[in-house]
Amino acid sequence: MNRKRIWIGVTGAVMAAIAIAVAILYEPAIAPVAPPAPDSFDAQLKRDGARVVALGDCVVCHTAKDGRPFAGGLPLVTPFGTIYATNITPDPQTGIGAWSEAAFARAVRHGISRDDHLLYPAFPYVHFTRMSDHDIAAAYAYLMSREPVHAIAPANRLIFPLNFRPPVAFWNLLFLRPGPREADASHDARWNRGKLLVDGLGHCASCHSPLNAIGAEKAGHAFDGGIVDGWEAPPLNALDGAARPWTQAQLVTYLRTGRASEHGAAAGPMLPVTRDLATVPREDVEAIATYVLSLQKGAPRAVEPVASRAASPAAQRGAVLFNASCAQCHGTGSPMQTIGERPTLAFSTAVNAGTPRNAIQMILNGIAWHGEDAANYMPAFSGVYDDRQIADLVAWVRGAWSTKPAWPDAEPLVARLRKENSAR
Ligand code: HEC
Ligand code: HEC
Ligand code: HEC
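This section reports on the structure supplied with the text. (Residues numbered from 1 in each chain as written. Chains lettered and ligands numbered in written order. Predicted model: local features only at pLDDT ≥ 70, side-chain atom pairs only at ≥ 80, totals over all residues. Heavy atoms only, no water.)

Below, the discussion takes up the overall build of the protein chain. When you go through the protein chain residue by residue, the secondary structure sums to 19 helices and five strands. At 23 Å, the protein chain has a C-alpha radius of gyration in line with the 22 Å of a compact globule built from 424 residues. Summarising its shape, the C-alpha atoms of the protein chain cover approximately 70 × 65 × 45 Å along the three principal directions. Contacts in the protein chain between residues far apart in sequence, at least 24 positions, make up 67% of those at least 6 positions apart. Accessible area of the protein chain: about 21000 Å², with a carbon and sulfur share of 62%. The centroid of the 39 positive side-chain charges in the protein chain is displaced by 7 Å from the centroid of its 37 negative side-chain charges. (Helix = DSSP H or I, 4+ residues; strand = E, 2+ residues; numbered from the N terminus. Rg over C-alpha atoms; globule rule 2.2 N^0.38 Å. Contact = heavy atoms within 4.5 Å. Areas by Shrake-Rupley, 256 points an atom, 1.4 Å probe, with all protein chains shown as cover. Lys, Arg positive; Asp, Glu negative; His and termini not counted. Charge placed at Lys NZ, Arg CZ, Asp CG, Glu CD.)

What follows is the structure, encoded as structure tokens:
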């Protein structure tokens, strides 16, 4: 067979597979309903819903920058193009106001919209499918009693053939196992609760796992670490290999406040996760931490930090910049470290990681000022230093605070991340 005929054969087979998947999974539209009145829901159910929605980070994805909560419009940049999160306020025209609870449950468990279109897996329904009936009812009650906002999300910009939705049926056949899972009797209730929250509502693996060529989590590599929005989400199964292995208490504090005594702070896409977890009952976060700590693979301990080694020319230039712009917070004996009790950079996962990605992102973006929490603020340096200077800073930070080998020159990565960040 010549190339062209093989190509036609492959295309035909793929089309047939999609057609079969569509035929198997097709479900018709669910009729619209009159929006239920907010006070038709039980008050306790709505309170439970607030917890469910916080654990699922619904507001994080469904709110545009400076937009109204849940009104959609946030662009999610994927390797296949940009997908916009939709409006999930109870507006009947542009939101989910005309959705029955059955339609809502179907979207969350099967990734099918109220009319019959398939939703893209950027909406983490492969995880949310594990939610209990009660949690789905509670999320529905909570969302339906928000303020309706009339807002239409911009049209998605996806590459062919993914700008058509039917291929998602094939994806679902491969990767979606709908419905809640049985509890594992060999573990206690807290561990099982943690597993349910991590694998379900918390969808932690959707960021913390590597993805395959078609954007699904790689089988057998759950929690091995992934890339999201230009940041590395570190492995969650190697927390025992940190310069200071994580304890249960530190992990709970980190997840609820974004900080822990012997670890770097939460930044980038992890920061909103911790802000949501700050609002849920402590037992839920204790359960998450218990389960996450049970995933450890026994990573080799990082060696204790040593005094700095001979610095490369880049690192020497970086040292000068560091003393000018960073030492007042990160220098040994600075108020942030003594009075503020923030750990040295030597304990940071970003500084000890295989790539300088998160250290660069940290320097480019800083940590935005958020509310009262002044201890967790770092200015953004993207407008202060050019690519070369940020690469120099990163070289100095690595050499001075990590015992791991030097990173290759980071300038090309700085340039790329800067460009990607500005497209977001
Ligand atoms: C990681 C980002 C992300 C998170 C977290 C997220 N969503 Fe979404 N959601 C999306 C995207 C993107 C879409 C649109 C998908 C599409 O158009 O194919 C969507 C679509 C939906 C839809 C379908 C709306 C429609 O008009 O078809 C519902 C319902 C929904 N989400 C509910 C939720 C709830 C409830 C939560 C929290 C438990 C949540 N989402 C959390 C990204 C997210
Ligand atoms: C939207 C993507 C996303 C989701 C969802 C997410 N994380 Fe993260 N997480 C990240 C990123 C990115 C980092 C690195 C942030 C940094 O360096 O400040 C991170 C960092 C962490 C760290 C610190 C790791 C270290 O070695 O320093 C822990 C622990 C963690 N996440 C746990 C969780 C848990 C548990 C969940 C689910 C409840 C979760 N994450 C959900 C993106 C995510
Ligand atoms: C106003 C104080 C302040 C200044 C100035 C500052 N930082 Fe930070 N930086 C922080 C805080 C707060 C964190 C969060 C870490 C923590 O609380 O442990 C942080 C985190 C970091 C991290 C990641 C550590 C982690 O949490 O994993 C790196 C890398 C870093 N800073 C580098 C720099 C560099 C390089 C400069 C100078 C160009 C700089 N910082 C300037 C306050 C500051």
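Here the narrative resumes, following the displayed structure.
Not every one of the 22 residues close to ligand 3 is listed here, only the nearest: C326, C329, H330, R342 and M378. Within the side chain of H330, an N or O atom sits 2.7 Å from a nitrogen atom of ligand 3. Here an oxygen atom of ligand 3 sits 2.7 Å away from a polar atom, N or O, in the side chain of S348. The set of elements that each furnish at least two residues to the shell around ligand 3 consists of helix 14 (327-330) and helix 17 (357-365). Grouping the constituent residues of the shell around ligand 3 by class yields 15 nonpolar, six polar and one charged. (Near = heavy atom within 4 Å. Polar contact = N/O pair within 3.5 Å; in protein donor to acceptor, adjacent residues only side chain to side chain. Nonpolar A, V, L, I, M, F, W, Y, C, P; charged D, E, K, R; others polar.)

Lining the immediate environment of ligand 1, one finds 23 residues, of which C58, C61, H62, S113 and R165 sit closest. With respect to ligand 1, the side chain of H62 contributes an N or O atom lying 2.9 Å from a nitrogen atom. Contact between ligand 1 and S113: an oxygen atom at 2.6 Å from a side-chain N or O atom of the residue. Of all the secondary-structure elements, those providing two or more residues to the shell around ligand 1 are helix 3 (58-61) and strand 2 (81-84).

Here we come to the pattern of salt bridges. All told, the structure shown has 18 salt bridges when counted by the stated rule. Salt-bridge contacts for E411 lead to R388; the nearest nitrogen and oxygen are separated by 2.7 Å. Of the two residues, E411 is situated in helix 19 (residues 411-423) and R388 in helix 18 (residues 387-401); the sequence distance between them amounts to 23 residues. Exposure remark for E411: the relative accessible area of 29% places this residue in the partly exposed category. (Salt bridge = Lys/Arg side-chain N within 4 Å of Asp/Glu carboxyl O. Buried < 20%, exposed > 50% of the residue type's maximum accessible area, 1.4 Å probe, protein only.)

Mapping A359 onto the fold places it in helix 17. The class for A359 is buried, based on a relative accessible area of 8%. As a C-alpha pair, A359 and A50 span 309 residues in sequence and 34 Å in three-dimensional space. Each residue touching A359, except ones within four places of it in the same chain, is listed here: A350 and W407.

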